[in-house]
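Structural characterization, general
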Protein chains: 2
Amino acid sequence: MPDLAVNYEDIAAAAGRIAGIANRTPVMTSRTVNERTGAEVFFKCENFQRAGAFKFRGACNATRRLTPEQRQRGVLTYSSGNHAQALALACKLVETPLTIVMPDDAPAVKVAASRGYGAEVILYDPDQTKREQLGSKLAEERGLSLIPPYDHPHIVAGAGTCAKEFIEEVGPLDLLLVCCGGGGLLSGCAISTKHLAPGCRVIGVEPDGGDDGVRSFKTRELQRVANPQTIADGAKTPSLGRINFPIILEHVDDMVSVSDAQIVSAMRVLWERMKLVVEPTGALATAALLEGVVPAPRGGRIGVVLSGGNVDLARVGELFAGA
Amino acid sequence: MPDLAVNYEDIAAAAGRIAGIANRTPVMTSRTVNERTGAEVFFKCENFQRAGAFKFRGACNATRRLTPEQRQRGVLTYSSGNHAQALALACKLVETPLTIVMPDDAPAVKVAASRGYGAEVILYDPDQTKREQLGSKLAEERGLSLIPPYDHPHIVAGAGTCAKEFIEEVGPLDLLLVCCGGGGLLSGCAISTKHLAPGCRVIGVEPDGGDDGVRSFKTRELQRVANPQTIADGAKTPSLGRINFPIILEHVDDMVSVSDAQIVSAMRVLWERMKLVVEPTGALATAALLEGVVPAPRGGRIGVVLSGGNVDLARVGELFAGA
């Protein structure tokens, strides 16, 4: 086995660190889904996680691992999505200032929201600078601890607590479906799953419009995607993370992708039948199952991670109008 | 105490009858709501009930009380909403045919949906006929068992299992808020609550546009409302039921009403913050609490019933657009 950045002991330690701070999210089931798939399907509801997505697990673990001195200096990240929101909450809970680096063409509402939860926002020109480079440079200059959205062992260890809780609650699974952007959730959950339920197949699900992970997995070489177009905005990452990719190669059994129409169709089942507000990225794994992209093992026990529920309600109408 | 149509023993018996068939719905909490109200608030999630609303409790109880001969002859109701959907499922589970009487100006989609789940639909001209009269007449002519939406002891007993489960799970409450249309859920829950937590205040919540229940409660005489206008379509009932009204007078402490804007505001918190799909009627009780119509007892333990989650996703955009 290659030397991976995270192992199961790191995840078990993270679970202890975030216990009582992160939510132990509920598992839901649906007679409709079971009938439709001919299997027993369990949904791990990270849309009910604090700050509305699994991201809080990693953010909480990472901030709790900072030394008192690091906490006093502050944290820096580059993300305007669920990671930023989760990290803002995690930083607030340990009284650490947060700086967020964002492209200067980011929607004003996102900049305002980031400032709204107390973060300092630094804008940059994405044509001139890469966010990773700027982030590292600023972190070093200012003595801030960089906590990126997925490419970090503490983030992966935190994310892995999701599958750990899931399997501890429902017992061994035959198949686990997890969405994939940069691979933080997928890599962490794959480590937990292969440790707790070695016979369980783990499959990562990406949007068609950002299928770099699928291509990386098939070719075993890190592939990139430029400016991915998909409604699954949480999976618009340019590539899998450097530490995430080897973990995925080692512990994940397959990677697939689904279309935006398949995502909306899955969201309709989650919202209409299961009464769960789940964002497009959060419905990727459900789409792979319900649309038959991944065949359900007959009578099998299937776990599906619903990764988040942060949607703009004003845009929900147009999302479902076409379906 | 007046001679009421339902008592706690009926509810306890109903709970036994529907156990393992109706869902034992989860209770959810929200740090945001607790901070905002300065209280400890518990939400009983009947949106996760089978057929998407508390109505299945009464429908299940009523159909299970039919004799084998009655089951063979069939059931009749007049309702095109959640009660019809719940009753259709309950009838299917005991293999009983269902006939639904609907006004001939009902939306085609509702007629089609009713036929879709196997019910025979009989249309009538609402200018010529009252649904209760036609329902009774048809039931008698055809030997069908009439199961109306709220004005029936088996329906009330079934609905009362909601508050019974709720208090058994979370312990005694200081205040329970329940939405009110015809008063089936409110009357049943009030009986359970006063039996299990006698010190708990029970308050019914109606939409401003259909506040006949509030007026009936204040005047102690049954008031009616003609053609109520509100987004809370489950509460568009012309008056409280005849058996529900005396129970409400006996066991309910107060009745209030909320505006459509307050309902949408509450729905926004439920959807955006709590990730729960709840229909407008299902958000009535939440609106009374979050909009301050009912003051939260400082540090108190408050129960809120989310009665259902059946919404038309295509209309969600317009609902939230104005808020």
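Rules behind the numbers
Along each chain, numbering runs from 1 in the same order as the chain's sequence is written. Naming scheme: in the order in which they are written, chains are lettered from A and ligands are numbered from 1. Reporting of local features is limited, given that this is a predicted model, to residues whose pLDDT is at least 70; pairs of side-chain atoms are given and counted only at 80 or more, and all residues count toward the totals for whole chains, interfaces and linings. To obtain the side-chain values, all non-hydrogen atoms of the structure were included, while hydrogens and water were left out. What counts as a helix is a DSSP run of H or I of at least four residues, what counts as a strand is a run of E of at least two, and both are numbered from the N terminus. To get the radius of gyration, use the C-alpha atoms; to get the globule rule, take the number of residues to the power 0.38 and multiply by 2.2 Å. For each residue, the accessible area found with a 1.4 Å probe, counting protein chains only, is set against the maximum for its type, and the residue is called buried under 20%, exposed over 50%, and partly exposed in between. Note on definitions: a residue-residue contact is assigned when non-hydrogen atoms from the two residues lie within 4.5 Å. All accessible areas in this document rest on Shrake-Rupley with a 1.4 Å probe, and a residue is counted as covered only by the protein chains that are shown. Charge assignment in this entry is limited to Lys and Arg as positive and Asp and Glu as negative, and neither His nor the chain termini are counted. To locate a charge, take NZ of a lysine, CZ of an arginine, CG of an aspartate or CD of a glutamate. For this overlay, a least-squares fit was computed on C-alpha atoms, restricted to residues scoring pLDDT of at least 70 in both copies. Any pair of N or O atoms that falls within 3.5 Å is considered a polar contact. Within protein, one atom must be able to donate a hydrogen and the other to accept it, and sequence-neighbouring residues count only if both atoms are side-chain atoms. As annotated, the domain borders come from an automatic or database domain assignment. Salt bridge criterion: a side-chain nitrogen from Lys or Arg within 4 Å of a carboxyl oxygen from Asp or Glu. Note on residue classes: Ala, Val, Leu, Ile, Met, Phe, Trp, Tyr, Cys and Pro are nonpolar, Asp, Glu, Lys and Arg are charged, and everything else, Gly too, is polar. Any pair of Phe, Tyr and Trp rings, taking the six-membered ring for Trp, is counted once the centres come within 6.5 Å. Such a pair is stacked with planes under 30 degrees apart, edge-to-face with planes over 60 apart, and tilted for the rest. Buried Ala, Val, Leu, Ile, Met, Phe, Trp, Tyr and Cys residues that are joined via side-chain atoms within 4.5 Å together make up what is termed a nonpolar core. Should DSSP find at least two bridges between two strands, the strands are regarded as paired. Handedness rule for crossovers: strands pointing away from the viewer, path from the first strand over the helix to the second running clockwise, crossover right-handed. Take the accessible area each of two parts loses on contact, using a 1.4 Å probe, and add the two losses: that sum is the buried area. Directions are taken from the helix axis to each C-beta atom, and the arc is the one they span.

1. What to know about the overall build of chain A
Helices and strands together make up the secondary structure of chain A, namely 14 helices and 10 strands. For 323 residues, the compact-globule estimate of 2.2 N^0.38 gives 20 Å, and chain A sits close to it at 18 Å. Counting only C-alpha atoms, chain A reaches 55 × 45 × 40 Å along its principal axes. Split into buried and exposed, the 323 residues of chain A put 58% on the buried side. In chain A, 72% of the contacts between residues at least 6 apart in sequence involve partners at least 24 apart. Of the roughly 12700 Å² that chain A leaves accessible, carbon and sulfur atoms contribute 47%. Each charge class in chain A can be summarised by its mean position, and for the 34 positive and 36 negative side chains these summaries are 4 Å apart.

2. Let's talk about the relation of the copies chain B and chain A
Between the two copies of the chain lies a rotation about an axis combined with a shift along it. Aligned on chain A, chain B shows an RMSD of 0.0 Å; the corresponding rotation is 180° and the shift along the axis is 0.0 Å. In the structure described here, the two chain copies are related by an operation that fits a two-fold rotation axis. For chain B, the smallest separation between a C-alpha atom and the rotation axis is recorded for Gly317(B), amounting to 1.9 Å. A symmetric contact is evident, with 100% of the interface residues of chain B recurring at the interface of chain A.

3. What about the side chain of Thr63(B)?
Along the polypeptide, Thr63(B) turns up in helix α3 (residues 55–64). A distance of 3.0 Å separates a polar atom in the side chain of Thr63(B) from the backbone oxygen of Cys60(B).

4. Let's talk about the domain arrangement of chain A
Residue and element names in this part refer to chain A. Taken domain by domain, chain A holds domain 1 (8–54 + 152–321) and domain 2 (56–146). Here the C-alpha centre of domain 2 lies 24 Å away from the C-alpha centre of domain 1. Here domain 1 and domain 2 share two salt bridges between them. The salt bridge partner of Glu-165 is Arg-57, with a shortest N-O separation of 2.9 Å. Summed over the shared surface of domain 1 and domain 2, the result is 10 residue pairs in polar contact (both at pLDDT 80 or more). Secondary structure elements with two or more residues in the side of domain 1 that touches domain 2: α1 (8–18) and α8 (153–170). Classifying every residue of the side of domain 1 that touches domain 2 by side-chain character gives 11 nonpolar, eight polar and seven charged.

5. As for the packing of aromatic side chains
Across all of its chains, the model carries three aromatic pairs over all chains by this definition. Judged by centre distance (5.8 Å) and plane angle (65°), the ring pair of Trp271(A) and Trp271(B) falls under edge-to-face. In this pair, Trp271(A) sits in helix α12 (residues 260–273) while Trp271(B) sits in helix α12 (residues 260–273), so the two residues belong to two different chains. A network of ring pairs unites the aromatic residues Trp271(A), Phe320(A), Trp271(B) and Phe320(B) as a single cluster.

6. Observations regarding the nonpolar core
Leu177(A), Trp271(A), Leu176(B), Leu177(B) and Trp271(B) are the most contacted members of the largest nonpolar core, which totals 144 residues. In this structure, Leu176(B) is in contact with Ala163(B), Phe166(B), Cys189(B), Thr193(B), Cys200(B), Arg201(B), Val202(B), Ile203(B), Gly303(B), Val304(B) and Val305(B), ignoring residues within four places of it in sequence.

7. What about the pattern of salt bridges?
Residue and element names in this part refer to chain A. Counted under the stated rule, the structure contains 32 salt bridges over all chains. For Glu-46, the salt bridge is made with Arg-57, and the minimal N-O distance between the two is 2.7 Å. One end of the pair, Glu-46, is in the loop between β2 (40–45) and α3 (55–64); the other, Arg-57, is in helix α3, with 11 residues separating them in the sequence. Each member of the pair, Glu-46 together with Arg-57, is buried.

8. So, the pairing of strand β4 (residues 98–103) of chain A
Residues and elements named next belong to chain A. Most of β4 sits out of view: five of its six residues are buried. Relative to β4, strand β3 (residues 75–77) runs parallel, the two sharing three bridges. When the sheet's bridge partners are listed, Val-75 is paired in β4 with Leu-98. Taken together, the five bridges between β4 and strand β5 (residues 120–124) define a ladder with parallel strand orientation. Bridge pairing links Thr-99 to Glu-120 in β5. Following the chain from β4 across helix α6 (residues 108–116) to the adjacent parallel β5, one finds a crossover that is right-handed.

9. Observations concerning helix α10 (residues 212–219) of chain A
Of the residues making up α10(A), those classed as buried are Asp212(A), Gly213(A), Val214(A), Ser216(A) and Phe217(A). Looking one or two places after α10(A), you find Arg220(A), whose phi comes out positive at around 60°.

10. Topic: the interface of chain B and chain A
On the side of chain A, 21 residues touch chain B, which itself brings 21 residues to the contact. Taken together, the two surfaces of chain B and chain A that pack against each other cover about 1800 Å², and 63% of this comes from carbon and sulfur. It is Arg31(B), Lys275(B) and Leu313(B) that lose the most area in chain B upon contact with chain A, and together they represent 39% of the buried surface on that side. The interface formed by chain B and chain A holds zero salt bridges in total. There are eight residue pairs in polar contact (both at pLDDT 80 or more) connecting chain B and chain A. Mapped onto the side of chain B that touches chain A, the elements with two or more residues apiece are α12 and α14 (316–321) of chain B. Residue classes in the side of chain B that touches chain A are distributed as 10 nonpolar, six polar and five charged.

11. Description of α1(A)
All names here are of chain A. Those residues of α1 lying buried are Tyr-8, Ile-11, Ala-14, Ala-15 and Ile-18. For α1, the angular spread of the buried residues around the axis is 115°, confining them to a single face. Turned more than 90 degrees away from the buried face of α1 sit Glu-9 and Gly-16, all of them exposed. Each element contacted by the buried residues of α1 is listed here: α3, α8 and α9 (184–196). Between the side-chain oxygen of the N-cap and the backbone nitrogen of Glu-9 there are 3.1 Å, and the N-cap of α1 in question is Asn-7. A positive phi of about 80° marks Gly-20, the residue just after α1.

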